[in-house]
Amino acid sequence: LAWAQFLEIYEPMLFQLASCWGLQEADAREVVQETLLAVVHSIGSYQPRSHERAFRGWLATITRRKLVDHLGKRDRQTQGTGDSRVHQWLDQQMGPGASASVWDWHVKQQVFRWASAGVRKQVSEQTWQAFYRTSIQNEPIDSVASDLGIRPGMVYVARSRVMSRL
């Protein structure tokens, strides 16, 4: 169950990150699989720290290594430009400091997708729409209330109910 939840949260994010690096779908999936295999093989030696960023940093490091490995293999298979600026740019983009905020954003986005899918099943469609349209899509509360046929105060209640479950 824990591995299934791990995959549900992190696999789409890993795929999205690999795709952002310009990999074709098959290559991106290969990088994801290599990353997941590396996680399976090294999770036994992982020493958790007191904060969750340590795990995300560990996972980000594995992902970066697998991306670099894959891109390196691809470069060896095709004719490269020889332009050192490309390698400098890649090093900057793949460095731990440069990618930390992108990584955190993707993690948060994926965790929200996962959590919201579960919460959406627990609340009425009207409650979900009141939350989603005002909190995620930033639509005006009065407009959403009017569209849904409820009072603006009920929109606030719906938002609160969904947020407490998230």
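**Student:** Looking at this structure, I do not really get the packing of aromatic side chains. What am I missing?
**Tutor:** The description of an aromatic ring pair rests on the distance of the ring centres and on the angle between the ring planes. Overall, the coordinates contain 5 aromatic pairs when judged by the stated rule. Relative to Phe 6, the ring of Trp 3 lies with its centre 5.1 Å away and its plane at 15°, an arrangement referred to as stacked. Residue Trp 3 and its partner Phe 6 are both found in helix α1 (residues 2-20); the two are separated by 3 residues, about one turn of the helix. Judged by centre distance (4.7 Å) and plane angle (40°), the ring pair of Tyr 46 and Trp 58 falls under tilted. Of this pair, Tyr 46 sits in the loop between α2 (25-42) and α3 (52-77) while Trp 58 sits in helix α3, and the two are 12 residues apart along the sequence. Both residues of the pair, Tyr 46 and Trp 58, belong to the buried class. Among the aromatic residues, those joined into a cluster by ring pairs are Trp 3, Phe 6 and Tyr 10.

**Student:** Mind showing me how you'd approach the pattern of salt bridges here?
**Tutor:** Any two side chains of opposite charge can pair, on the condition that their charged atoms come close. One pass over the structure, following the stated rule, counts 4 salt bridges. Arg 29 serves as the salt-bridge partner of Glu 25, at 3.0 Å between the closest nitrogen and oxygen. Remark: Arg 29 and Glu 25 occur in helix α2; sequence separation between them is 4 residues, near one turn of the helix. Arg 120 serves as the salt-bridge partner of Glu 125, at 2.9 Å between the closest nitrogen and oxygen. On the basis of relative accessible area, Arg 120 is assigned to the partly exposed category, the value being 37%. Beyond isolated ion pairs, a larger network of salt bridges with shared partners links Arg 133, Glu 139 and Asp 147.

Conventions used here
Residues numbered from 1 in each chain as written. Predicted model: local features only at pLDDT ≥ 70, side-chain atom pairs only at ≥ 80, totals over all residues. Heavy atoms only, no water. Phe/Tyr/Trp six-rings, centres within 6.5 Å; stacked < 30°, edge-to-face > 60°. Helix = DSSP H or I, 4+ residues; strand = E, 2+ residues; numbered from the N terminus. Buried < 20%, exposed > 50% of the residue type's maximum accessible area, 1.4 Å probe, protein only. Salt bridge = Lys/Arg side-chain N within 4 Å of Asp/Glu carboxyl O.

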